[in-house]
Amino acid sequence: MAMAFKMATTGMWVADECKNSFMEMKWKKVHRYIVFKIDEKSRLVTVDKVGDAAQGYDDLAASLPYDDCRYAVYDFDFVTVDNCRMSKIFFIAWAPATSRIREKILYATSKDGLRRALDGIHYEVQATEMAEMGFDVIKGRAK
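Residues numbered from 1 in each chain as written. Predicted model: local features only at pLDDT ≥ 70, side-chain atom pairs only at ≥ 80, totals over all residues. Heavy atoms only, no water.

## Concerning the environment of Leu106
Within the fold, Leu106 resides in helix H3 (residues 101–117). On the accessibility criterion, Leu106 (15% relative accessible area) is buried. (Helix = DSSP H or I, 4+ residues; strand = E, 2+ residues; numbered from the N terminus. Buried < 20%, exposed > 50% of the residue type's maximum accessible area, 1.4 Å probe, protein only.)

Quick look at the structure:
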């Protein structure tokens, strides 16, 4: 069966492709970000979009829908004050104010299960508008 991990709270499953894409991002650095969505009919969390290593944070922000909830992970590379290259992975729970209430509840109750399935996340950001997940927010949390 293609399902890897069942989220106990909502009965949702996390597809193997989610974990595989995340591991490629984390270890091979072939992706800069991954956007996940919940398919309510199949009760499955799947990969919606993947950004290659050359894409940036603005590309991730542009790929999130204006009126639908999504999850995203972003690999943030930066240089410390000691001149060391670092990488931190952010989990973003995107629930815009214009999305349906049912969808917001579904994504909120399924979030922890997906986070547990994706091992290696450093920080979490919850956002209802772009200003709450701006690049300055990400940069400030990483340092």
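The discussion continues.
## What to know about the nonpolar core
Residues Phe36, Val73 and Leu114 are the most contacted members of the largest nonpolar core, which totals 24 residues. Secondary-structure elements contributing two or more residues to this core are strand E2 (12–15), helix H1 (16–28), strand E3 (31–39), strand E4 (44–52), strand E5 (70–79), strand E6 (85–94) and H3. Those residues in contact with Phe36, other than ones at most four positions away along the chain, are Cys18, Val45, Thr46, Val47, Asp48, Arg70, Tyr71, Val73, Leu114 and Leu118. Counting residues in hydrophobic clusters, the runner-up holds 18 residues, among them Tyr33, Leu60, Ile92 and Ala127. (Core = buried A, V, L, I, M, F, W, Y, C linked by side-chain atoms within 4.5 Å. Contact = heavy atoms within 4.5 Å.)

## Topic: the pairing of E4
For E2 and E4, the ladder comprises 2 bridges, and the chain directions are parallel. The partner of Trp13 across the bridge, within E4, is Leu44. As paired elements, E3 and E4 share 8 bridges and run antiparallel to each other. Paired with Val35 across the strands is Lys49, a residue of E4. (Pairing = 2+ DSSP bridges.)

## A short note on the side chain of Ser110
Mapped onto the fold, Ser110 is located in helix H3. The exposure class of Ser110 is buried, given its relative accessible area of 0%. A polar side-chain atom of Ser110 sits 2.8 Å from the main-chain carbonyl oxygen of Leu106. (Polar contact = N/O pair within 3.5 Å; in protein donor to acceptor, adjacent residues only side chain to side chain.)

## Description of the environment of Asp136
Its place among the elements puts Asp136 in helix H4 (residues 135–142). In the structure, Asp136 is positioned 108 residues away from Lys28 in sequence and 26 Å away in space, judged by C-alpha atoms.

## Some thoughts on the packing of aromatic side chains
Counted by the stated rule, this structure contains 9 aromatic pairs. Aromatic side chains Phe76 and Phe135 sit 5.6 Å apart centroid to centroid with 75 degrees between the ring planes, which places their arrangement in the edge-to-face category. Placement of the pair is Phe76 in strand E5 and Phe135 in helix H4, with a sequence separation of 59 residues. Exposure remark for Phe76: the relative accessible area of 4% places this residue in the buried category. Residue classification places Phe135 among the partly exposed positions, given a relative accessible area of 34%. One aromatic cluster is present, built from ring pairs that chain together Tyr57, Tyr74, Phe76, Phe78, Phe90, Tyr123 and Phe135. (Phe/Tyr/Trp six-rings, centres within 6.5 Å; stacked < 30°, edge-to-face > 60°.)

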